[in-house]
Amino acid sequence: MSLPDEQTTAVPGSTAPRPRLGPVFAVVAAGVAMANLDVFIVNVALPDIGREFSGSSLASLSWVLNAYAVVFAALLVPSGNLADRTSPRTAYLAGIVTFTVASALCALAPDVWFLVAARVVQAVGAAMLIPSSLGLLLASAPPERRMSSVRAWTAISGVASALGPVAGGLLTELNWRWVFLVNLPIGIAALVAGARVLPRVPARDLPRPDLLGSGLLTIAIAALALGLVKGEDWGWASRNFLGALAATLVLLVWFVARSARHRSPVLPLPLLKIPAFSPASLANVLFAVAFAAMLLSTVLWCQDVWNWSPLRTGLAIFPGTLLPPVLAISIGPLARRLGAGPIAVVGCAVFAAGIAWWYVHLEPAADYLTGMLPGMLLTGVGVGLTLPTLITAAVTALPPQSFSTGSGVVTMARQVGTVLGIALLVAVMGVPSGTTEMLGAFDDGWLMTLVATGAAAVASLFLGRAGRASQAAAEKS
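Residues numbered from 1 in each chain as written. Predicted model: local features only at pLDDT ≥ 70, side-chain atom pairs only at ≥ 80, totals over all residues. Heavy atoms only, no water.

Student: How do you make sense of the nonpolar core when you look at a structure like this?
Tutor: If you look at soluble globular proteins, the nonpolar side chains tend to sit buried side by side. Formed by 142 residues in total, the largest nonpolar core has its most connected members in Leu-115, Met-372 and Met-412. Of all hydrophobic cores here, the second largest spans five residues; its members include Leu-327, Ile-331, Ile-343 and Leu-385. (Core = buried A, V, L, I, M, F, W, Y, C linked by side-chain atoms within 4.5 Å. Buried < 20%, exposed > 50% of the residue type's maximum accessible area, 1.4 Å probe, protein only.)

Below, the structure written as structure tokens:
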């Protein structure tokens, strides 16, 4: 997708000329790609991390993924608020520094829990740079190019998805620590270039973000994930499991009540009244559950059932991850004609067909071309149709003054879904012993994934004409 280089209009809220969009997009793309690439690289490296830190169960290793996603989700909106209150430029550059330093700490981790702690710091950096990146991009783009810029921004994560598994496999063949060290040159380059080309968007007079609310959301999601991944060990009717669920419920109720009263809440409830934004955000949560479970289950199948190397695993996943960025760029005209709802529903159906293929056909004796590849391609098409459509439907429904905060809510929804997807997969699969139990565990995981995909399709039905109206309005703004 070509991006404009015009410098003829002013940055919103400023008399300064609008910066050239091309260089700004390049810097933004570097940081966003780094944050997204890390998710897919780490998935492929997870079994190797477990082998080096011997004695680490899948439940413990899941926190290498979930600690990142939990903190990322809870801090996205406060970070978006901070970007609006101070400067998206300052927030983005600070996020790059934090993420890069944390990546070095991850590479030096002596045990799994040090790695989890370093991943928390990484998540803080990612939460700072993601919402501010969209704010910078939209501040640089002329109004008539905002939708195409949003789609290009969305496609960055798709490109990271495509490159992540293969890059993760290659780096893990050397050592899993290289999956974190690779962030250092990218982060340094983005920092140096960003200091020169990123626009200075004027600060806005906004109330301070609700940090207590952010803490409540963090603990609530973590408690739910902990209950799910430890449920089999504790017992599903045990005091510990029921206590984790009760704590989650209480904290979420407190969180919503606080969001309703606070001047700058983590979840601005009025945003949920915007047509298309609320159903798109819910569908994002549900589809992220399915996507996270699909990705992790594929990695575990390749390395635990077929005993493939990380590189071969990455190459196996690559065909499916190659499709979403292509579709993200090309489905714009179709979404404008039909509306976001129908496109997302079709995407969910295609994604579900891929999971169903694995459920029926995948077995230890199956070969890759007839067993895994068809499902990989179908899920790739499903992600390419669904994910960018839902994100674009939500973001383009927002008023300009809420771009950073609203985009934080959208990404927060995806991260919450990611945490739930990983936790649910670990809970459903359990700790199987023997080939028969292992195959049954994967079947149970794929059935759970199908249920989540179906729920996402139902939520997408409520977009309907609202999604089309939001996109048309965005184009005219």
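Student: Sorry if this is basic, but what is going on with unusual backbone geometry here?
Tutor: Peptide bonds are mostly trans, and most non-glycine residues show a negative phi. Phi angles above zero are rare outside glycine, and Asn-307 is one such case at about 55 degrees. With respect to the element layout, Asn-307 can be found in the loop between helix H10 (277-305) and helix H11 (310-330). (Helix = DSSP H or I, 4+ residues; strand = E, 2+ residues; numbered from the N terminus.)

Student: What is the right way to read the packing of aromatic side chains from this model?
Tutor: Any aromatic ring pair is given by two values, namely how distant the centres are and how the planes are angled relative to each other. Using the criterion set out here, one finds 12 aromatic pairs in the structure. Ring geometry for Tyr-68 versus Phe-72: centroids 5.8 Å apart, planes at 55 degrees, classification tilted. Of this pair, Tyr-68 and Phe-72 both sit in helix H2 (residues 58-85), four residues apart, which is roughly one turn of that helix. Note on Tyr-68: relative accessible area 2%, which makes it buried. Look at Phe-72 and you get buried, because its relative accessible area is 5%. Aromatic pair Trp-176 and Phe-180: ring centres 6.2 Å apart, planes at 90 degrees, arrangement edge-to-face. According to the relative accessible area criterion, Trp-176 is buried, its value standing at 2%. (Phe/Tyr/Trp six-rings, centres within 6.5 Å; stacked < 30°, edge-to-face > 60°.)

Student: Explanation requested: the packing of helix H3 (residues 88-107) against helix H7 (residues 183-197) in the structure shown.
Tutor: Packed helices, taken two at a time, are described by their axes: the angle between them and the distance between them. H7 packs onto H3 with a crossing angle of 160 degrees between their chain directions and a minimal axis gap of 9 Å. One way to sum up the angle between H3 and H7 is to call them roughly antiparallel. In the crossing of H3 with H7, the sense of the turn from one axis to the other is left-handed. Across the interface between the two elements, Arg-89, Leu-93, Ile-96, Val-97, Phe-99, Thr-100, Ser-103 and Ala-104 from H3 touch Asn-183, Leu-184, Gly-187, Ala-190, Leu-191, Gly-194, Ala-195 and Arg-196 from H7. Split by residue class, the contact of H3 with H7 holds nine nonpolar, five polar and two charged. (Axes fitted to C-alpha atoms, helices over the stretch in contact; angles between N-to-C directions. Parallel < 35°, antiparallel > 145°, perpendicular 65-115°, else oblique. Left-handed = near helix turned anticlockwise from the far one by under 90°. Contact = heavy atoms within 4.5 Å. Nonpolar A, V, L, I, M, F, W, Y, C, P; charged D, E, K, R; others polar.)

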